[in-house]
Amino acid sequence: MKKEELEKLAHLARLELTEKEFQEFEKELAEILKFLEPLNTIDIQEERFQTNEKQENEFRKDCIHIHLNSKNIVKMFPEQKNSLAVVPKTFYKNSSWEQNSNSRRV
Amino acid sequence: MMPKKTGKALTELRERTLNYLEQIARKSELQAFNSVESLGKLLERINELEKKPKEKHGKLFGLCFSIKDVFAVQGLPFQCSSKSLDGYIAPYSAKVVEQILKEDGIILGKTNCDEFACGSSGENSAFQTSQNPKFKGKTCGGSSSGTACSVSAELCDIGLGSDTGGSIRLPATFCNIQSFKPTHDIISRHGLSDLAMSLDTVAWMEKTVQYSETLLNLFCEQKEKLKEKKEITQIGIIREQMENLDTKVEQKIKKTIQTLERKGLEVIEHSMPLQKIAVPAYYACMYAEFSSSMQKFDGFKYGKQFSGSDIIEAVKVNRSVLGKEVKRRILLGTYLTQKEESQKFYKKALTARARLQKEYTQLFQKTPILISSVAPVPPFGLGEKIADPIQMYSADLLTVQANLIGSPAGSISLGEGIGLQVMGNQFEDKTVLGCLQKWENWVNAP
């Protein structure tokens, strides 16, 4: 596997790899894909795997139960503000990821 | 001493539970547990159970459980043996854990495993490597390494784990204990951190096949689909599964087959050339599902939050602490599910899976039970295969089939880290369990 291809995969998977990891994965991933090669003897057909004999939705009973305590959940976050959890920024006013990158949202 | 099913004296309950706790501390070098319940909480639980009148005792009264670190147990760390979840405390319990507690079971702690259950030796845990209590210097097998270790070393009565491609049956075999993986989807996976949802099954281990039937009846949410126990007169073996076995394993399995024949069972040999694509099909499906399921670990919701000014940075920083095998599987899953590659591997793997299911269904019509070795090799040394992922994956050569077709399978220890696998068609769980119970004594008789 070429390094550029691995870089693309790492970006898609949101993984930051070290130079050593790149070198190791280049070799290992190629070997593993070779290990999967016997799958190429299979013709894709319309047969579909069925996990269960009859595919049915199994709904939980609609009953009252104690839900998670939101105060306890918020306490588990390293940063809190006014009983809310502070997390890294998710949405931006414009499409640039770079702008206002130092601020955090509650 | 194994507990009696019912009628334990109350003082015995206290003594047994605290004895387990003491043994866990004394045998800490085995590195079976990632976290252990506090003495205070355990005493509270014991007091609560001791107050119960005997007629109100639950089905699991006083039985002590070790729980693989991929299940949520409210108030205990839920880390999946990963640094990325270091310090995360479960705010709720998995459905099966709730059922254990409701039936008066006792949870002793969370056991070590391969990180996010990715591995066949237990060596991929970010925290520690569980030591095989029966064979010094050998791996416990994976991914439920600590769970097998805890049962084998008598640190609990029952070990609860998950089986995605053999993660219960392999470590149980390597640690000389018994295991059972039910039909896929009949037990709730709520609160189980998923490796690959179409393959993951809640499963368990014990020293002798004593409580498996109770656990199956308790956990099963589709009881009406379970078929009645059948008396078995014929069993099948697949020729291709007897090839490439280690000599010691082959001899032991052949001897076991002879024992079963002497007991009056007819052994029928089948051929299934498709066996050669089972492991590649399993890994292709698992990589694809795993890379998808890992997207939720984005540095927002679980565990320590690492620095990161926005979502992109937070995800990357959080994922940088993942272990090598986890990264490898995420990368491969991402590769296989790209539009331009999916026809080449993933869709073929799905077709292979459907064909395997069809061929196995035909075999089960001829012989309702199939047997094989659990692993092609006996327990291997710590560090022996960790650098070679393909060698490691080969340990799953005979176990992935049951997950690919969603059928029940169990293992009986034959000693020396070798095990007999017993497999039946979907929903034939009671028949498989019946065989495990009956054959356990037969195959180990002197």
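This text gives an overview of the structure that appears in the document. Quick caveat, the model's predicted, so the values are computed rather than measured.

Cut-offs and rules
All residue numbers refer to positions counted from 1 along the written sequence of the respective chain. As a convention, the first chain written is A and the first ligand written is 1, with the rest following in written order. Restriction of local features to residues with pLDDT of at least 70 applies here, the model being predicted, together with a cutoff of 80 or more for giving and counting side-chain atom pairs; totals for whole chains, interfaces and linings are based on all residues. Side-chain numbers come from the whole structure's heavy atoms, not from hydrogens or water. Only protein chains enter the accessibility calculation, which uses a 1.4 Å probe; a residue is then buried when its area is under 20% of its type maximum, exposed when over 50%, and partly exposed in between. Runs of H or I in DSSP of at least four residues are treated as helices and runs of E of at least two as strands, each being numbered from the N terminus. At least two DSSP bridges between two strands are required for those strands to pair. Note on handedness: a clockwise path from strand one over the helix to strand two, with the strands aimed away from the viewer, defines a right-handed crossover. Angles here are taken between N-to-C directions and fall from 0 to 180 degrees, while the axes themselves are lines fitted to C-alpha atoms, restricted in helices to the stretch in contact. Note on contacts: a residue pair qualifies if any of its non-hydrogen atoms lie within 4.5 Å across the two residues. What counts as buried area is the accessible surface, traced by a 1.4 Å probe, that two parts surrender upon association, with contributions from both included. For this analysis, a salt bridge means a side-chain nitrogen from Lys or Arg found within 4 Å of a carboxyl oxygen belonging to Asp or Glu. Distance and chemistry together define a polar contact, namely a pair of N or O atoms within 3.5 Å, with one atom able to donate a hydrogen and the other to accept it when in protein, and with adjacent residues in sequence counting only for side-chain atoms on both sides. Throughout this entry, Asp, Glu, Lys and Arg are counted as charged residues, while Ala, Val, Leu, Ile, Met, Phe, Trp, Tyr, Cys and Pro are counted as nonpolar. The remaining residues, Gly among them, count as polar. When two cysteine sulfur atoms are found within 2.5 Å, that pair is recorded as a disulfide. Convention used here: angles under 35 degrees read as roughly parallel, angles over 145 as roughly antiparallel, angles from 65 to 115 as roughly perpendicular, and any remaining angle as oblique. Nonpolar cores were defined as sets of buried Ala, Val, Leu, Ile, Met, Phe, Trp, Tyr and Cys residues, with membership established by side-chain atoms within 4.5 Å. Regarding the arc, it is the one traced by the directions from the helix axis to the C-beta atoms.

Description of the pairing of strand S2 (residues 64-68) of chain B
Residues in a regular strand point their side chains to alternate faces of the sheet. Residue and element names in this part refer to chain B. Taken across its 5 residues, S2 has 5 buried, putting it largely inside the fold. Relative to strand S3 (residues 106-111), S2 is paired through 5 bridges, and the arrangement is parallel. Looking at the pairing, Cys 64 lines up with Ile 106 of S3. At this point the chain moves from S2, through helix H3 (residues 95-102), to the parallel S3, and the crossover so formed is right-handed.

Observations concerning the sheet that holds strand S7 (residues 234-238) of chain B
Residues and elements named next belong to chain B. Pairing is mixed across the open sheet formed by 11 strands, whose spatial order is S1-S3-S2-S4-S6-S5-S10-S11-S9-S7-S8. Across the chains shown, the open sheet's two edge strands, defined by having one partner strand only, are strand S1 (33-36) and strand S8 (266-270). Across this sheet, the average inter-strand angle for adjacent strands is 25 degrees, counted without regard to direction. Pairing geometry for strand S10 (residues 409-413) and strand S11 (residues 419-424), over 5 bridges, is antiparallel.

Quick word on the side chain of Ser 212 of chain B
Residue and element names in this part refer to chain B. Secondary-structure assignment places Ser 212 in helix H6 (residues 212-219). Here Ser 212 falls in the buried class, since its relative accessible area comes to 3%. For Ser 212, the residues in contact, after removing those within four places along its chain, are Phe 180, Trp 204, Glu 206 and Leu 433.

Topic: the interface of chain B and chain A
Contacts between the two partners involve 64 residues from chain B, matched on the other side by 59 residues from chain A. Here chain B packs against chain A, burying approximately 5,600 Å² in sum over the two surfaces, 64% of which is carbon and sulfur. Joining chain B to chain A, the criterion identifies 5 salt bridges. Applying the counting criterion to the chain B and chain A interface returns 9 residue pairs in polar contact (both at pLDDT 80 or more). Every element with two or more residues in the side of chain B that touches chain A is listed here: helix H8 (278-293), helix H9 (311-319), helix H10 (324-336), helix H12 (346-366) and helix H13 (389-393) of chain B. The residue inventory of the side of chain B that touches chain A, partitioned by class, reads 34 nonpolar, 13 polar and 17 charged.

Comments concerning the state of the cysteines
Tallied over the full model, the rule gives 0 disulfides over all chains. No disulfide involves Cys 63 of chain A; its sulfur sits 19 Å from that of Cys 220 of chain B, the nearest cysteine. Of all cysteine sulfurs in the structure, the one in Cys 435 of chain B sits closest to Cys 220 of chain B, which takes part in no disulfide; the separation is 18 Å.

Some remarks on the packing of helix H1 (residues 3-12) of chain A against H10 of chain B
Across the interface, H1 of chain A lies against H10 of chain B with an axial gap of 9 Å and an inter-helix angle of 100 degrees. Between H1 of chain A and H10 of chain B, the interaxial angle falls into the category roughly perpendicular. Seen from H1 of chain A, the contacting residues are Glu 5, Leu 6, Leu 9, Ala 10 and Leu 12 of chain A; seen from H10 of chain B, they are Leu 331, Thr 334 and Tyr 335 of chain B. Taken together, the residues that form the contact of H1 of chain A with H10 of chain B break down as 6 nonpolar, 1 polar and 1 charged.

Things to note about the environment of Lys 83 of chain B
Residue and element names in this part refer to chain B. Residue placement: Lys 83 occurs in the loop between S2 and H3. Residue class for Lys 83 comes out partly exposed when judged on its relative accessible area of 45%. Taking the C-alpha atoms as reference points, Lys 83 and Ile 405, separated by 322 residues in sequence, lie 33 Å from one another.

Describing the nonpolar core
Residue and element names in this part refer to chain B. In this structure, Phe 71, Phe 116, Ile 371, Val 422 and Trp 439 are the most contacted members of the largest nonpolar core, which totals 121 residues. It is H8 that contributes the most residues to this core, 10 residues altogether. The residues contacting Val 422, other than those within four sequence positions of it, are Ile 369, Leu 370, Ile 371, Pro 408, Ala 409, Gly 410, Ile 412, Val 432, Cys 435, Leu 436 and Trp 439. Counting residues in hydrophobic clusters, the runner-up holds 27 residues, among them Ile 24, Ala 32, Leu 49 and Ile 106.

Details of the pairing of strand S4 (residues 158-163) of chain B
All names here are of chain B. Counted residue by residue, S4 has 6 buried out of 6 residues, so it is predominantly covered. Of the two faces of S4, the one lined by Ile 158, Leu 160 and Ser 162 and the one lined by Gly 159, Gly 161 and Asp 163 are each fully buried. Of the pairings in the sheet, the one linking S2 to S4 comprises 3 bridges and is parallel in character. Within S4, the residue paired with Ser 66 across the bridge is Gly 159. With 6 bridges joining them, S4 and strand S6 (residues 201-206) adopt antiparallel strand pairing.

Re the environment of Asp 429 of chain B
Residue and element names in this part refer to chain B. With respect to the element layout, Asp 429 can be found in helix H15 (residues 429-444). Accessibility expressed as a relative area gives 0% for Asp 429, which makes it buried. Note: C-alpha distance between Asp 429 and Leu 260 (169 residues apart in sequence) is 20 Å. If we skip the residues at most four places from it in the chain, Asp 429 touches Phe 180, Pro 182, Thr 183, Ile 186, Leu 216, Leu 226 and Pro 408.

With respect to H3 of chain B
All names here are of chain B. The set of residues buried in H3 consists of Val 96, Val 97, Gln 99 and Ile 100. All buried residues of H3 lie within an arc of 160 degrees about the axis, which places them on one face of the element. On its buried face, H3 sits against S2, S3, S4, S6 and H6. Backbone geometry just after H3 places Asp 104 at a positive phi near 70 degrees.

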